[in-house]
Amino acid sequence: MIPSSSNDASSGTGVRVRESHVRLRDGRRLAYVEAGDLDGLPVFFIHGNPGSRYMRHPDDRIAHALGVRLIIPDRPGYGLSDYQPGRTLLDFPGDLEQLADALKVGRFALFGVSAGGPYVAASAWRLGERITRVAIVSGASPLKRPGAMEGVNREYRNAYSLAAWPEWLLHPLMAMHDRQVRANPERALAGLISHSSPADREVLADPLIAAQVHGWRREATRRGVAGMRREAHILASPWEVPLEEIRQEVDLWYWEGDSIVPPQMGRYLAARIPRTVPHFLPGGGHFSLYPHWRDILAPLTRPGA
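The residue numbers shown here count from 1 along each chain, following its written sequence. With the structure being a predicted model, the display of local features is reserved for residues of pLDDT at least 70 and the display and counting of side-chain atom pairs for 80 or more, all residues being used for whole-chain, interface and lining totals. Excluded from the side-chain calculation are hydrogens and water; included are all heavy atoms of the structure.

**Here's the deal with the pattern of salt bridges**
Point 1. Any Lys or Arg side-chain nitrogen located within 4 Å of an Asp or Glu carboxyl oxygen qualifies as a salt bridge. Applying the stated rule across the entire model yields 22 salt bridges.
Point 2. Two residues, Asp 74 and Arg 53, come together in a salt bridge whose shortest N-O distance is 2.6 Å. Here the residue Asp 74 occupies a position in the loop between β5 (68-73) and α2 (92-102), and Arg 53 occupies one in the loop between β4 (41-46) and α1 (61-65), the gap between them amounting to 21 residues. Across this residue pair, the class does not change: Asp 74 and Arg 53 are buried.
Point 3. Glu 231 is paired through a salt bridge with Arg 75; the nearest N and O atoms lie 2.5 Å apart. Linking Glu 231 in helix α9 (residues 226-235) with Arg 75 in the loop between β5 and α2, this pair joins segments that are 156 residues apart in sequence.
Point 4. Here the salt bridges do not stand alone but share partners, grouping Glu 19, Arg 53, Asp 74, Glu 219 and Arg 222 into one network. A run of H or I in DSSP becomes a helix once it reaches four residues, and a run of E becomes a strand once it reaches two; helices and strands are each numbered from the N terminus. Exposure is judged per residue with a 1.4 Å probe applied to protein chains only, and the accessible area is read against the type maximum: over 50% gives exposed, under 20% gives buried, and values in between give partly exposed.

The following block contains the structure:
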């Protein structure tokens, strides 16, 4: 299995970006983007929900200066990655391993945000020694537990509750919402901002970041909402990941101003993963990964990680 012919381009910052896909053993296509230093230390970035391979900081010079080869796959059913019926959280590490093999990447670091956090935890456990170090940023924790909704704003409480609905019932609701977002992305972003913290509003006021958010959100559902619908089911289900068996050092990044994935979710993970480095910071919000992008990436590059 080898990558398809890739497309190399230059981002607006002059840093090379490579876009391609691989064919997995079961015939599915898995699409990905590489950015930053394409000859650097590999760090796989796992996007949120909705999200796509285009989700990253708009300034690729940050990753390049750190010597980070950032590899961002579309999860199944998002962007250009083929839908995988019935997929589970524990299916993803196999996809990630096949992508790493295709790119001739041996050991690598993992970095996931929001709904990407569970996939990072599953991959760290499943892939073991192949993973050098891990960062979970505003990462969701298991939702089927007492206190899981503490600190979550009303809109997202409703969204997390809807995630537990049967997929056949959830699909038309998600499809209708997606049509509204795609028809008027500026209005959708304004709606998101209205429920955001002051820090998030400041972040999203940056036109480069706003454009980046529009880009990865639109790409997420370019072929429909099936991937997002399946992901809702996964997030509402038990993880079946023994967190206490994760052996890598795990940086946990959470902000007190985040009411989408509040810090109590990170504290749940910190109490169960043996080797965590907590970064529970005041203020901020769910989009604080952008101003902290360099701080998050830097520990993943340390010798011995």
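**Comments concerning the pairing of strand β9 (residues 276-281)**
Point 1. Any two strands with at least two DSSP-identified bridges between them are counted as paired. Two elements, strand β8 (residues 250-255) and β9, share six bridges in a ladder whose sense is parallel. Counterpart to Asp 251 in the pairing with β9 is Val 277.
Point 2. If the strands point away from the viewer and the path from the first strand over the helix to the second runs clockwise, then the crossover is right-handed. With helix α10 (residues 263-270) bridging β8 and the parallel β9, this β-α-β connection has right-handed handedness.

**Comments concerning unusual backbone geometry**
Point 1. Note the cis peptide between Asn 49 and Pro 50, where omega equals -5°.
Point 2. Its place among the elements puts Pro 50 in the loop between β4 and α1.
Point 3. A positive phi is found at Glu 240, a non-glycine position, where the angle reads about 60°.
Point 4. As for its position among the elements, Glu 240 is in the loop between α9 and β8.
Point 5. Overall, the relative accessible area of 63% leaves Glu 240 in the exposed class.

**A look at the environment of Gly 215**
Point 1. On the secondary structure map, Gly 215 appears in helix α8 (residues 207-220).
Point 2. We classify Gly 215 as partly exposed; its relative accessible area is 32%.
Point 3. Remark: the alpha-carbon pair of Gly 215 and Pro 185, spanning 30 residues in sequence, is separated by 9.9 Å.

**Focus on the packing of helix α6 (residues 185-194) against α8**
Point 1. For the pair α6 and α8, interaxial distance at closest approach is 11 Å and the crossing angle is 110°. By the angle between their directions, the pair α6 and α8 is classed as roughly perpendicular. α6 and α8 meet at a crossing whose hand is right-handed. Of the residues in α8, those touching α6 at Pro 185, Glu 186 and Leu 189 are Ala 210, Val 213 and His 214.
Point 2. Here the contact of α6 with α8 is composed, by residue class, of four nonpolar, one polar and one charged. All axes are obtained by fitting lines to C-alpha atoms, using only the stretch in contact for helices, and the reported angles, taken between N-to-C directions, cover 0 to 180 degrees. Roughly parallel refers to an angle under 35 degrees, roughly antiparallel to one over 145, roughly perpendicular to one between 65 and 115, and oblique to any angle outside these ranges. The crossing is said to be left-handed when, going from far helix to near helix, the turn is anticlockwise and less than a right angle, and right-handed when the turn is clockwise. Contacts are residue-level and defined by heavy atoms, with any inter-residue pair within 4.5 Å sufficient. Here the term charged refers only to Asp, Glu, Lys and Arg, the term nonpolar to Ala, Val, Leu, Ile, Met, Phe, Trp, Tyr, Cys and Pro, and the term polar to all other amino acids, Gly among them.

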